[in-house]
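# Reading the structure
Here's the letter readout for the chains.
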Amino acid sequence: MQRKNFVNVKRVVIKLGTNILRNEEGEVALSRIYSFIEDISKLVKSGKEVIIVTSGAVGIGKKKLNLDSTDGDGVKQACAAVGQSRLMSFYENGFGVYDIPIAQILLTEDDFSLRHRYLSLRNTLNKLLSMGVVPIINQNDTVSTIEVHDILAGIQVCFSDNDKLSALVSSELDADLLILLTDIEGLYTADPKTNPDAKLIKEVTSVTDEILALGTGASSGGRGGMKTKLEAAKLVNRFGGRVLIANGKRQSVISKIFEGEEIGTMFSSDSERLSDKKRWIGYATNIIGKIVVNKITQDAILNKGKSLLPIGIEEVVNDFKQGEVVSICDSNYTEFARGMVNYNSDECRKIAGEHSDNIVKILGYKNYDAVITRDNITDLI
């Protein structure tokens, strides 16, 4: 795809990573931040809708408090509380020069995982965009509980970094393009920091396991890394969106992107678009319950588009309520799909391995023949 066609879009999410919002000394890179704001203001005034997902609050707070580390009970949350207001002041002052209103939105996992909050958030964001406002979104580290409570350690959270958060925002708003600005040029055939023969991959049409294997961990000061960016790209591609990973330290990088320059790695996909509900089931919910199924049932779900019937269940892991989303796993506990259950965990245990005709006899009632109906299953493979 030609770059100008790739970026010829209406609604854009731009994620700014921690390492591009600060300089080599760890201080706030003011000139770079204001350069981003100038470029984004041009996009807004040209008629594009722009949402910013920003990192940086923890790092700014850490610097302000003269800390060497954020280790320790509540330290990271305290740094986020101190740094968030200062971070927003940069955006407020910068966009104020161009008379563009902004809105601060701090999100936790439950804002996506709970369906009514997910829908409310989408309505709010759409209203802000229709009013010409640039939403500035960040993870609410100050109140997020996932990292500080051991009781929640078994939960698969819908996001734990701003790469995944930006992908969820893009999905929720049906954004045309997600731009992930980081401190390297894009996706390489190997780690360019350790392999001088690594080559930049300019276009990816499918985020396969081989592509995911090229991802590396977080860089210093960041929480994500190329691995989380590739996972974000895979999610966005599943609803038909596009993703561009590029070097945010390039001068006027955002303007150059929208001028069609060959910058970074672009991800596009021709795969079937998931509906909003299936996106939410597959990617925007926190997961604790698991249903383990036999090979015949796995094949029926993945290859024949079938519902999950009780006869195919081998094991039920953890407790869950009717209407919650659970992992659907093979006999090796490898997750291959997610779905919204018609029965709670105790009921599922009682009818596991049984024919649907026996549900009434076992439970005394029957909600559905299927534990999870096909319309409420999202395949992850």
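Residues numbered from 1 in each chain as written. Predicted model: local features only at pLDDT ≥ 70, side-chain atom pairs only at ≥ 80, totals over all residues. Heavy atoms only, no water.

### Here we look at the side chain of S171
Counting through the fold element by element, S171 comes out in helix α7 (residues 162–172). Dropping the residues within four chain positions of it, S171 is found in contact with L235, F239 and R279. (Helix = DSSP H or I, 4+ residues; strand = E, 2+ residues; numbered from the N terminus. Contact = heavy atoms within 4.5 Å.)

### What about the layout of surface pockets?
Computed from the structure, the second largest pocket encloses a volume of approximately 600 Å³. Lining the second largest pocket are 21 residues, with K164, E231, Y283, E335 and R338 positioned closest to its centre. Among the elements of the structure, α9 (226–238), α11 (276–283) and β12 (335–340) are those that each provide at least two residues to the lining of the second largest pocket. Sorting elements by how many residues they give to the lining of the second largest pocket places α9 first, with five residues. (1 Å grid on protein atoms, 1.4 Å probe; cavity = no way out; pocket = protein on both sides within 12 Å on 5 of 7 lines; lining within 4 Å. Points joined across faces, edges and corners; volume = space filled by probe spheres on them.)

### Examining the pairing of strand β2 (residues 49–54)
When a strand is regular, its side chains alternate between the sheet's two faces. Across the six residues of β2, six count as buried, placing the element largely inside the fold. Burial along β2 is two-sided: the residues E49, I51 and V53 and V50, I52 and T54 are all buried. By the bridge criterion, six bridges tie strand β1 (residues 11–16) to β2 in an arrangement that is parallel. Looking at β2, one finds that R11 is bridged to E49. (Buried < 20%, exposed > 50% of the residue type's maximum accessible area, 1.4 Å probe, protein only. Pairing = 2+ DSSP bridges.)

### Some words on the packing of aromatic side chains
The geometry of two aromatic rings is summed up by the distance between their centres and the angle between their planes. Here the structure, examined in full by the defined rule, presents one aromatic pair. A cation over an aromatic ring shows up here: R115 above the ring of W280, its NZ or CZ 5.1 Å from the ring centre. (Phe/Tyr/Trp six-rings, centres within 6.5 Å; stacked < 30°, edge-to-face > 60°. Lys NZ or Arg CZ within 6 Å of the ring centre and 35° of its normal.)

### Description of the environment of V44
Summarising the element assignment, V44 is placed in helix α2 (residues 30–45). Among the residues examined, V44 registers a relative accessible area of 19% and is labelled buried. Considered as a pair, V44 and I100 are 56 residues apart in the sequence and their alpha carbons are 8.4 Å apart. Contacts of V44, omitting those with residues within four sequence positions, involve V50, I100 and V134.

### Examining the pattern of salt bridges
In the structure shown here, the tally under the stated rule is 17 salt bridges. Among the salt bridges present, the one from K63 reaches E27, with a minimum N-O distance of 3.9 Å. Pair noted here: K63 is in helix α3 (residues 57–64) and E27 is in the loop between β1 and α2, with a separation of 36 residues, a long-range link. A salt bridge links K304 to D299, with the nearest nitrogen and oxygen atoms 3.7 Å apart. Looking at K304, the relative accessible area reads 56%, which means it is exposed. Since its relative accessible area comes to 30%, D299 is described here as partly exposed. In this structure, a network of salt bridges that share partners links the residues K15, D163 and K229. (Salt bridge = Lys/Arg side-chain N within 4 Å of Asp/Glu carboxyl O.)

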